[in-house]
Amino acid sequence: MNKFQRKVSVPIYTMFILLLFGIFGISYTIWGNQSGVRGGKAGAAEAVSESTVGVTKIVWWHAMSGENGKVVDKLVSAFNASHKDMKVEAVYQGSYYDSLTKLKASIGTTIAPTMAQVYDIGTRFMIDSKAITPIQTFIDREKYDTSQMDEAIINYYTVDNTLFSMPFNASNPILYYNKDLFTAAGLNPDQPPVLYEDVKKAATKLTKGGVTGAYFGTHSWYMEQFVANQGAEWVNNGNGRDGLATAWQLNGAEGVKALAWWKELVDNNVATYSAGKGDTSKKAFAEGKVAMIFDTTAALRDILDSVEGKFEVGTGFFPKPAETASGGVGVGGGSNWILNIKSEEEQQAAWTFMKFLSEPEQQAIFHVNTGYFPITKKTYELPIVQENMKKYPQFKTAIEQHHASKLNKATLGGILGVYPDARKLTEEAVNQALSGQQSPQAALDAAAAEINAKIAAYNQALQ
């Protein structure tokens, strides 16, 4: 990869990006209608980050929408008000996937932002792109204290002892359940099921009177967490951390066990199934039609608001088949990256903004208004966080689950250059298994074969 970095020119580099798009079957438009959302309203995304007289401008591309986007806007406003020599312009670029696709298209061009929020699964590509300045550069330069940050979160974005991006929004998946329905079914509303067998028993008791016990969206992230919760890795070479990944392993025994259990719930009509991973499960949950769902902790505020007090929302740990000493859930969410095409002045300003976002006060505001858990440990000591925990104890679940997870390669999570494609193919496999088109093993094997071919093509393109 060093050889690649030395020889590549901007035009050739752009061709390399386009080649990767062709290999992986990603279709995109390079701003045929260039649009973004600023302050919750649609508007033209500004192409070039520039410095005005005495003010360094930072263009930040992000993927936070809805209420989460409003919180981001507040944080940006606070930074701009307290840093008169800098100005952050936050531009919403769509979903995580859409945002990364646009960023890929911008690399090597003047349209690229100063900094960009990229979801966790974009980590390997961003490193391989050679289009970024590792955050470790700024840390080493000023001896920034990273001990204040959550170890598991910061370790996800650390590869080969280098922190490449600054964590921002951290999450994990949890079980949401209707406490009122639990009580009506004779279940303890204060003891959510954790083991697969207990989830099955609860779903069976809850399925009655027009209510279905469970509804789990077919998101690949859940499959990955099922495997991590068993202490296993779903990408070879130490989840891609001991070297470039060459094989997808979600079709191993742990993945098959999880999908077979999931399919059994659907086959027994105690869990709803529909293809896709949209918000239909959240809607059904808020309407009292299903008793249990999976979702990210980042959806907590939205779920509480949508229920509007019609019933009490409970939260529990993500399910696993049995107790394991090495299992746990991994970190999800996203981090911020600095693009190296920008001037030193802009990059330094972006680093200043990243440090601001990491401060306990800012993390507290972000946490209590979204559900993402803090990346900075001192955040938990602030009154606003402690008061929020008392008022909404549901916020404790993801944090306790995070701290209970063993820190190892399984829970650190996988890194993979073609991760977005791997997730799409895995979701197709889950749909095929749950709908009875293929067995769990056959569906996951077929997906793994396609993913491995894409991995091989990606790794070949890097040479």
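Data block above holds the structure.
All of these numbers come straight from a predicted model, not from anything done at the bench.

*Asks:* I would appreciate a short explanation of the environment of Gln 432 in the present structure.
*Replies:* If you trace the backbone, Gln 432 turns up in helix H20 (residues 419-434). Considering only alpha carbons, one finds Gln 432 and Ala 443, 11 residues apart in sequence, at a separation of 6.5 Å. Excluding residues that lie within four positions of it along the chain, Gln 432 makes contacts with Gln 437, Gln 438 and Ala 443.

*Asks:* Mind showing me how you'd approach the pattern of salt bridges here?
*Replies:* Think of it this way: side chains of opposite charge can pair up when their charged atoms draw near. According to the stated counting rule, one finds 15 salt bridges in the structure shown. In this structure, Lys 179 and Glu 312 form a salt bridge, with 3.6 Å as the shortest nitrogen-oxygen distance. Of this pair, Lys 179 sits in helix H8 (residues 179-184) while Glu 312 sits in the loop between helix H14 (300-307) and strand S15 (313-316), placing them 133 residues apart in sequence. By relative accessible area, Lys 179 is classed as buried at 14%. Here Glu 312 falls in the partly exposed class, since its relative accessible area comes to 44%. It is possible to trace a salt-bridge network through shared partners that takes in Lys 179, Asp 190 and Glu 312.

*Asks:* What's the story with the packing of aromatic side chains in this structure? I'm lost.
*Replies:* For any pair of aromatic rings, the description rests on two quantities: the centre-to-centre distance and the angle between the ring planes. Tallied over the full model, the rule gives 27 aromatic pairs. Geometrically, the ring pair formed by Phe 216 and Trp 261 is stacked, given 6.4 Å between the ring centres and 25° between the ring planes. One end of the pair, Phe 216, is in the loop between strand S12 (212-215) and helix H10 (220-228); the other, Trp 261, is in helix H12 (residues 253-267), with 45 residues separating them in the sequence. Accessibility expressed as a relative area gives 1% for Phe 216, which makes it buried. Exposure remark for Trp 261: the relative accessible area of 6% places this residue in the buried category.

*Asks:* Explain helix H6 (residues 135-142) to me, please; I cannot follow it from the model alone.
*Replies:* Since the α-helix advances by 3.6 residues per turn, residues separated by three or four positions end up pointing in the same direction. Of the residues making up H6, those classed as buried are Ile 135, Gln 136, Phe 138 and Ile 139. Projected down its long axis, H6 carries its buried residues within an arc of 160°, all on one side. Among the structural elements, strand S7 (132-133), strand S9 (162-163), strand S10 (166-171), strand S16 (332-339) and helix H15 (344-358) are those in contact with the buried residues of H6.

*Asks:* Before we go on, may I ask you to explain the pairing of strand S6 (residues 115-119) in this structure?
*Replies:* Residues in a regular strand point their side chains to alternate faces of the sheet. Judged by how many residues are buried, S6 sits mostly within the fold: 5 of 5 residues are covered. Where burial is concerned, the two faces of S6 agree: the one with Met 115, Gln 117 and Tyr 119 and the one with Ala 116 and Val 118 are both buried. One ladder, built from 2 bridges, connects strand S4 (residues 55-62) with S6; its direction is parallel. Paired with Trp 60 across the two strands is Met 115, which belongs to S6. As paired strands, S6 and S16 are joined by 5 bridges and run antiparallel to one another. Residue pairing for S16: Ala 116 is matched across the bridge by Trp 337.

The rules behind each value
- Residues numbered from 1 in each chain as written.
- Predicted model: local features only at pLDDT ≥ 70, side-chain atom pairs only at ≥ 80, totals over all residues.
- Heavy atoms only, no water.
- Helix = DSSP H or I, 4+ residues; strand = E, 2+ residues; numbered from the N terminus.
- Contact = heavy atoms within 4.5 Å.
- Salt bridge = Lys/Arg side-chain N within 4 Å of Asp/Glu carboxyl O.
- Buried < 20%, exposed > 50% of the residue type's maximum accessible area, 1.4 Å probe, protein only.
- Phe/Tyr/Trp six-rings, centres within 6.5 Å; stacked < 30°, edge-to-face > 60°.
- Arc of directions from axis to C-beta.
- Pairing = 2+ DSSP bridges.

Take it as geometry only, folks, not as evidence of what the structure does.
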